[in-house]
Amino acid sequence: NERTLMRELTKEESESLFPTECHFKVICLDLIGIHKNLNQVLVDTGLQGVAFQPGLKSKAGKYISFEISLQIETHDEMLQLDQAIRSVEGVKMLL
């Protein structure tokens, strides 16, 4: 009964996965301006012609989700975008 252990990818292995289509889903507090702030992250990271699309709101209206699918060229670009999205005030989870 052989077990496969998971390990971190090397930089070369992770770069070999790119370019690729990435799908992001952001769950955040439904704050005024949150949609604009998320889209500003895209502009600030050099991604033109793409925008987050609003998703569902929570039953009580406290949270809202946004989704986007876009072409990411490198692993570093994905990490930079991930960090920038997480830094937006009100973002609670990034999937």
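Structural data are supplied above this passage.
The shown structure was predicted, so the numbers you read here are calculated from the model rather than taken from an experiment.

Quick look at helix α2 (residues 34–44)
- Of all the residues in α2, the buried ones are Ile 34, Leu 38, Asn 39, Val 41 and Leu 42. Angular distribution of buried residues about the axis of α2 spans 140°; they occupy a single face of the element. Facing away from the buried side of α2 by more than 90 degrees, the exposed set consists of Lys 36 and Asp 44.
- The inward-facing, buried residues of α2 contact β1 (20–29), β3 (63–72), α3 (75–86) and β4 (91–94).

With respect to the environment of Glu 77
- Position of Glu 77 relative to the elements: it lies in helix α3.
- Excluding residues within four positions of it along the chain, Glu 77 makes contact with Leu 47, Gln 71 and Ile 72.

Digging into α3
- Compared with the 16 Å implied by 1.5 Å per residue over 12 residues, the 17 Å span of α3 between its first and last C-alpha is a close match.
- Taken residue by residue, α3 has Glu 77, Leu 81, Ala 84 and Ile 85 as its buried positions. The buried residues of α3 all sit within an arc of 95° when viewed along its axis, so they share a single face.

Conventions and cut-offs
- Residues numbered from 1 in each chain as written.
- Predicted model: local features only at pLDDT ≥ 70, side-chain atom pairs only at ≥ 80, totals over all residues.
- Heavy atoms only, no water.
- Buried < 20%, exposed > 50% of the residue type's maximum accessible area, 1.4 Å probe, protein only.
- Helix = DSSP H or I, 4+ residues; strand = E, 2+ residues; numbered from the N terminus.
- Arc of directions from axis to C-beta.
- Contact = heavy atoms within 4.5 Å.
- Expected span 1.5 Å × (residues − 1).

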